[in-house]
Number of protein chains: 4
Amino acid sequence: MSKPTDLGLPTRLFSHEHRVHFGDSDAARIVYTPRFLEYAMEALEIFMADIIGFDWYHMNVAHGFGTPFVKVEMEMLAPLRPGDRVCVHVFVDKVGNSSLHFSTRGLRHDGELCFSTRFVCVVADQDAGKSIPIPAPMRARLDAYRSLCLEYAS
Amino acid sequence: MSKPTDLGLPTRLFSHEHRVHFGDSDAARIVYTPRFLEYAMEALEIFMADIIGFDWYHMNVAHGFGTPFVKVEMEMLAPLRPGDRVCVHVFVDKVGNSSLHFSTRGLRHDGELCFSTRFVCVVADQDAGKSIPIPAPMRARLDAYRSLCLEYAS
Amino acid sequence: MSKPTDLGLPTRLFSHEHRVHFGDSDAARIVYTPRFLEYAMEALEIFMADIIGFDWYHMNVAHGFGTPFVKVEMEMLAPLRPGDRVCVHVFVDKVGNSSLHFSTRGLRHDGELCFSTRFVCVVADQDAGKSIPIPAPMRARLDAYRSLCLEYAS
Amino acid sequence: MSKPTDLGLPTRLFSHEHRVHFGDSDAARIVYTPRFLEYAMEALEIFMADIIGFDWYHMNVAHGFGTPFVKVEMEMLAPLRPGDRVCVHVFVDKVGNSSLHFSTRGLRHDGELCFSTRFVCVVADQDAGKSIPIPAPMRARLDAYRSLCLEYAS
């Protein structure tokens, strides 16, 4: 397995800060549940583009494959409100043959854990609608990042 | 436990049909994952308003309590595309002291199961930010509907 | 110009009813402004698919052309709240060479006009990114519907 | 009229950069029209909070007044795609008794103007549902910013 530095990977875990908008709240005056999922997926999208080097748009439009999500688990532990900043940390949990297992943790600026998610995606050929093996360069970088996650966890 | 008919409950399971819109799709030309969660939650919202008699808006705005979601699980089994109709069936799985356990199943018009979800909500006082016992009339109707779910399952 | 009945067009103006959802509201406890635009566009999408016979998805995915929006005007005259039903009426105002001019009016169930919009779209080849003449069958039906609008207006 | 510096206002025009997300695109593989309105409103929200010092959430929740939008005009001049960065510039056009007139211009990173909007909002008491005079400190800062806009325009 390559080490992060061999691939030009950052030596720190990735996180993405999101500013919560007024339009994300609902009449209960807290963020509407599906927006938590959007925050987590936007962080994952940026992680895939900027850290792993595979952005969802070009994968789909230029290369004909994508990573459809097959499973989502999400826990909401504290509410978010417009004006809050939430920092979404992204982790790679497992790299299968075609499947990718991610998790995220969303921390509010006061340090409180607001939500956590787990995702399973499958790398799939778009036209055939069938799973395909993870491309080697994607796997190399995901594996490298996963080793970084393990280091931090230990 | 009251029987459904005592409370004026319908004697059929509730489902809500949703027409998939163009704006729900993404550049992969299938529905973007968080929209599945929105479909499930909209069906649940209508179920709570029309069948259980507690609509989220009035609960929050007039009565000062709500049902924040604390857990979501979602599986996507088949893609949806603009123009598809998906029929979302709502089930009550468990009625705790303060917690409500729901599930949904989204079936495409050709009968294919596209997604399923499980939700846990907690009835909570908005200002105190604390869970409260489920109001008795809400409980009675949820219990009655749950017995209907069990009948159909058996 | 064909008369509506020659083309199997309905002899009534088209409208689409939308039930306002909790997630459409914001912390001001009324519907967030961009949702009005979504309601109007969803009505227009259904009008184009069901009445004119050109659905945006197949136009784009199978036929390589679309109707990108170049201009939107929207007035909000009364608020909407979760649980409200709004009936969106669609009008064809002008059929140019490549351009389509629509308007919508959103009426709440108590009859109050909540919003009105005006749209300009351009029929465009997707790859070339250039406007193309409106396909003849689309034009015929749009013209027929426009004559119906004029009748009602007079 | 106060000069910008008297109020601690920045001496530069405000702009907010937005990264276009995958979920903002549709099956035409460009950004879905209502998302342009969301981008413009998010920039306006941040401008009001960070530059003018009145954030929509606290205005509504703590102070019982808001700025409902009564008019929107939007022109789309070039498409946006996931991964694009769009820089949204905010202008104050007119400060009435109760009404606020804003405009925005969204520039893609290659400098191309993608969209422009014009907005009219009304400062309104939430419970009474009636317009109220713009609070003096809000007016002072809006006027100061408007003078800055005029300087840049000349």
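Bear in mind the structure is a predicted one, so any value in this text is a computation, not a measurement.

### Remarks on the relation of the copies chain D and chain C
You can overlay chain D on chain C at an RMSD of 0.0 Å; the transform is a turn of 180° with a shift of 0.0 Å along its axis. Here the transformation between the copies is reduced to the relation of a two-fold axis. Taking the C-alpha atom as reference, chain D places Glu-73 of chain D closest to the rotation axis, 2.2 Å from it. A symmetric contact is evident, with 100% of the interface residues of chain D recurring at the interface of chain C.

### Some words on the pattern of salt bridges
Applying the stated rule across the entire model yields 24 salt bridges over all chains. Between Asp-50 of chain C and Arg-19 of chain B there is a salt bridge; the shortest N-O distance is 2.9 Å. Here the residue Asp-50 of chain C occupies a position in helix H1 (residues 33-52), and Arg-19 of chain B occupies one in strand E1 (residues 15-19), the pair thus bridging two chains. Arg-108 of chain D serves as the salt-bridge partner of Asp-110 of chain D, at 3.1 Å between the closest nitrogen and oxygen. Under the relative-accessibility criterion, Asp-110 of chain D is labelled exposed at 57%. Connected through salt bridges with shared partners, the residues Arg-35 and Glu-38 of chain A together with Arg-35 and Glu-38 of chain B form a single ionic network.

### Digging into the relation of the copies chain B and chain A
Note on the identical chains: chain B maps onto chain A by a rotation of 180° and an axial translation of 0.0 Å, with an RMSD of 0.0 Å. By residue overlap, the copies meet face to face through one surface: 100% of the interface positions of chain B are interface positions in chain A.

### Looking at the sheet that holds strand E1 (residues 15-19) of chain C
The sheet built from 10 strands is open, its strands ordered E1(C)-E4(C)-E5(C)-E6(C)-E3(C)-E3(D)-E6(D)-E5(D)-E4(D)-E1(D) with antiparallel pairing. For this open sheet the edge positions go to E1 of chain C together with strand E1 (15-19) of chain D, each flanked by a neighbour on one side alone. Averaged over all neighbouring strand pairs, the angle between strand axes comes to 20°, with direction disregarded. Inspection of the sheet shows strand E4 (residues 85-95) of chain C paired to strand E5 (residues 99-108) of chain C by 9 bridges, in the antiparallel sense. Within the sheet, the bridge partner assigned to Phe-91 of chain C lies in E5 of chain C and is Ser-103 of chain C. Each of strand E4 (85-95) and strand E5 (99-108) of chain D is contacted by helix H3 (residues 136-153) of chain D, which is oriented at about 115° to E4 of chain D, the strand it contacts most.

### Thoughts on the interface of chain D and chain C
The accessible area lost on association of the parts is a frequent measure of interface size. At the interface, 21 residues of chain D touch 21 residues of chain C. Of the roughly 1900 Å² buried between chain D and chain C, counting both surfaces, carbon and sulfur atoms make up 63%. Counting the surface chain D buries against chain C, the share from its top three residues, Tyr-32, Val-72 and Met-76 of chain D, is 21%. Remark: the boundary between chain D and chain C carries 2 salt bridges. For Glu-38 of chain C, the salt bridge identified is with Arg-35 of chain D, shortest N-O distance 2.9 Å. The interface formed by chain D and chain C holds 6 residue pairs in polar contact (both at pLDDT 80 or more) in total. Per-element accounting of the side of chain D that touches chain C gives the leading share, 8 residues, to strand E3 (residues 69-76) of chain D. For the side of chain D that touches chain C, a count of residues per class yields 13 nonpolar, 3 polar and 5 charged.

### So, H1 of chain C
Here H1 of chain C is 20 residues long and its end C-alpha atoms lie 28 Å apart, about the 28 Å a rise of 1.5 Å per residue gives. Of all 20 residues in H1 of chain C, 18 are buried; the element is thus mostly enclosed.

Cut-offs and rules
Residues numbered from 1 in each chain as written. Chains lettered and ligands numbered in written order. Predicted model: local features only at pLDDT ≥ 70, side-chain atom pairs only at ≥ 80, totals over all residues. Heavy atoms only, no water. Least-squares fit on C-alpha atoms with pLDDT ≥ 70 in both. Contact = heavy atoms within 4.5 Å. Salt bridge = Lys/Arg side-chain N within 4 Å of Asp/Glu carboxyl O. Helix = DSSP H or I, 4+ residues; strand = E, 2+ residues; numbered from the N terminus. Buried < 20%, exposed > 50% of the residue type's maximum accessible area, 1.4 Å probe, protein only. Pairing = 2+ DSSP bridges. Axes fitted to C-alpha atoms, helices over the stretch in contact; angles between N-to-C directions. Buried area = accessible area lost by both parts, 1.4 Å probe. Polar contact = N/O pair within 3.5 Å; in protein donor to acceptor, adjacent residues only side chain to side chain. Nonpolar A, V, L, I, M, F, W, Y, C, P; charged D, E, K, R; others polar. Expected span 1.5 Å × (residues − 1).

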